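# Summary of structural features
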Amino acid sequence: MTVRVRRVYDPPEPDGGPRVLVDRLWPRGLKKEAAHVDEWPKALTPSTELRRWYHAGEGSFEEFARRYEAELAAPEAAEALDGVRERARAGTVTLLTAAKDVDHSHAAVLARLLGQG
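Below, the discussion takes up the packing of aromatic side chains. Using the criterion set out here, one finds 5 aromatic pairs in the structure. When the ring of tryptophan 26 is compared with that of tryptophan 40, the centres are 5.2 Å apart and the planes differ by 65°; the resulting orientation is edge-to-face. A residue pair is termed long-range when its members are at least 10 positions apart, and tryptophan 26 in the loop between strand 2 (19–21) and helix 1 (32–35) and tryptophan 40 in the loop between helix 1 and helix 2 (48–55) qualify at 14 residues. Here tryptophan 26 falls in the partly exposed class, since its relative accessible area comes to 23%. With centroids separated by 6.2 Å and ring planes inclined at 50°, the aromatic side chains of tyrosine 54 and phenylalanine 61 adopt a geometry described as tilted.

Given below as C-alpha cells:
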C-alpha cells in the first residue's frame, strides 16, 4: 500500500495512481482539466470550523490532527476513508491538497491513517 501526498498544482506522476483531491474547496487558479483529479471525496475534508481554527494559528498540528481524526470517525467520513483505503490496497494513491506545507496538513493526517489500515 502506497499513499503519497502532493500539491494539486504538481503534474501527475506516471506511477502516482489515482489522484484524490482531499480539500473542501477547489484550488484557486486551477482549471479542472489541468488538475487531473480522479476523485473528490468531500466527506474526507476537515470541517470548516476546524479548518478555520487551525489556520488562525490557535492550536498545534498535533491538536489539529487529533480533532480531525475524531471528525473522520463520523459515518460518512469513515465510509469515504474506507473507499480510499481500498484503492490504496490495489496500488499507489496520490492525495492532493493545495496546502503549501503538506507535511502539516490534513492530507498528511489522512496519509498516516491510510498507511495504518
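Let us look at helix 3 (residues 61–71). Restricting attention to buried positions, one finds in helix 3 the residues Phe61, Phe64, Ala65 and Tyr68. Summarising the axial view, the buried residues of helix 3 lie within an arc of 100°, below the 170-degree limit, and thus occupy one face. The exposed residues of helix 3 that point more than 90 degrees off its buried face are Glu62, Arg66 and Ala70.

Another point: the pattern of salt bridges. Under the criterion given, the structure shown has 9 salt bridges. Note that arginine 4 and aspartate 15 form a salt bridge whose closest N and O atoms lie 3.2 Å from each other. Here arginine 4, found in strand 1 (residues 3–7), pairs with aspartate 15, found in the loop between strand 1 and strand 2; they are 11 residues apart in sequence, far enough to count as distant. The buried category is assigned to arginine 4, whose relative accessible area is 19%. A salt bridge links glutamate 39 to arginine 87; its shortest N-O distance comes to 2.3 Å. Here glutamate 39, found in the loop between helix 1 and helix 2, pairs with arginine 87, found in helix 4 (residues 75–90); they are 48 residues apart in sequence, far enough to count as distant. By relative accessible area, which is 31% here, arginine 87 ends up partly exposed.

The next subject is the packing of helix 2 against helix 3. Here helix 2 crosses helix 3 at 175°, and the two axes come no closer than 10 Å. Compared by their axis directions, helix 2 and helix 3 come out roughly antiparallel. Across the interface between the two elements, Leu50, Trp53 and Tyr54 from helix 2 touch Phe61, Glu63, Phe64, Arg67, Tyr68 and Glu71 from helix 3. Among the residues making up the contact of helix 2 with helix 3, the classes are represented as 6 nonpolar, no polar and 3 charged.

Let us now look at helix 4. An α-helix turns once per 3.6 residues; consequently, residues spaced three or four apart project the same way. Compared with the 22 Å implied by 1.5 Å per residue over 16 residues, the 23 Å span of helix 4 between its first and last C-alpha is a close match. Of all the positions in helix 4, only Ala77, Ala80, Leu81, Val84, Arg85 and Ala88 are classed as buried. Considered in projection along helix 4, the buried side chains sweep an arc of 145° and stay on one side of the axis. When the buried face of helix 4 is taken as reference, the exposed residues oriented beyond 90 degrees from it are Pro75, Glu76, Glu79 and Ala90.

Procedures and definitions
Residues numbered from 1 in each chain as written. Predicted model: local features only at pLDDT ≥ 70, side-chain atom pairs only at ≥ 80, totals over all residues. Heavy atoms only, no water. Phe/Tyr/Trp six-rings, centres within 6.5 Å; stacked < 30°, edge-to-face > 60°. Helix = DSSP H or I, 4+ residues; strand = E, 2+ residues; numbered from the N terminus. Buried < 20%, exposed > 50% of the residue type's maximum accessible area, 1.4 Å probe, protein only. Arc of directions from axis to C-beta. Salt bridge = Lys/Arg side-chain N within 4 Å of Asp/Glu carboxyl O. Axes fitted to C-alpha atoms, helices over the stretch in contact; angles between N-to-C directions. Parallel < 35°, antiparallel > 145°, perpendicular 65-115°, else oblique. Contact = heavy atoms within 4.5 Å. Nonpolar A, V, L, I, M, F, W, Y, C, P; charged D, E, K, R; others polar. Expected span 1.5 Å × (residues − 1).

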